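Summary of structural features
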Amino acid sequence: MTHRSNVETVRAGFAAYLSQDRAAMERLLADEFVFTSPQDDHIGKAAFLEVCFPTAYRVRSQELLDTVALDDEQVFVRYEYELTTGERHRNVEVLTVRDGRLTETQVYFGGRFPQE
């Protein structure tokens, strides 16, 4: 496996989601991967791939606004996306990367952007 930075690993995860490249996502996720959001309470890798991963069809576009390494493992991401309905939102995620694989994602939902 090619060594990449934690920020590059996180960016690769976002790209795999948007392109719905499940094989690439499976390679990026550690076996012990845990996903948490306001709608999902500490679900594992299998549940994430079944429930959350296939939702990219709702996204028309997405832009990573900030992707910053917080320490040796955690990466902060702020992004803006537009749904196929035309609604725009901003979210924040904190992802943990160990040994080149995603081990945890914590999602914090934002509201509509810009405010109408």
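Turning to the pairing of strand β2 (residues 40–44), a few remarks are in order. For strand β1 (residues 29–37) and β2, the ladder comprises 3 bridges, and the chain directions are antiparallel. Residue pairing across strands places S37 opposite D40, the latter belonging to β2. Hairpin connection from β1 to β2: 2 residues lie between these consecutive antiparallel strands.

The next thing to look at is the side chain of T67. For T67, the location among the structural elements is in strand β3 (residues 59–69). T67 gets classed as buried once you look at its relative accessible area, which sits at 15%. A polar contact of 3.5 Å, which involves the side chain of T67, links it to the side chain of R11. The residues contacting T67, other than those within four sequence positions of it, are V7, R11, V75, F76 and V77.

So, how was this worked out
Residues numbered from 1 in each chain as written. Predicted model: local features only at pLDDT ≥ 70, side-chain atom pairs only at ≥ 80, totals over all residues. Heavy atoms only, no water. Pairing = 2+ DSSP bridges. Helix = DSSP H or I, 4+ residues; strand = E, 2+ residues; numbered from the N terminus. Buried < 20%, exposed > 50% of the residue type's maximum accessible area, 1.4 Å probe, protein only. Polar contact = N/O pair within 3.5 Å; in protein donor to acceptor, adjacent residues only side chain to side chain. Contact = heavy atoms within 4.5 Å.

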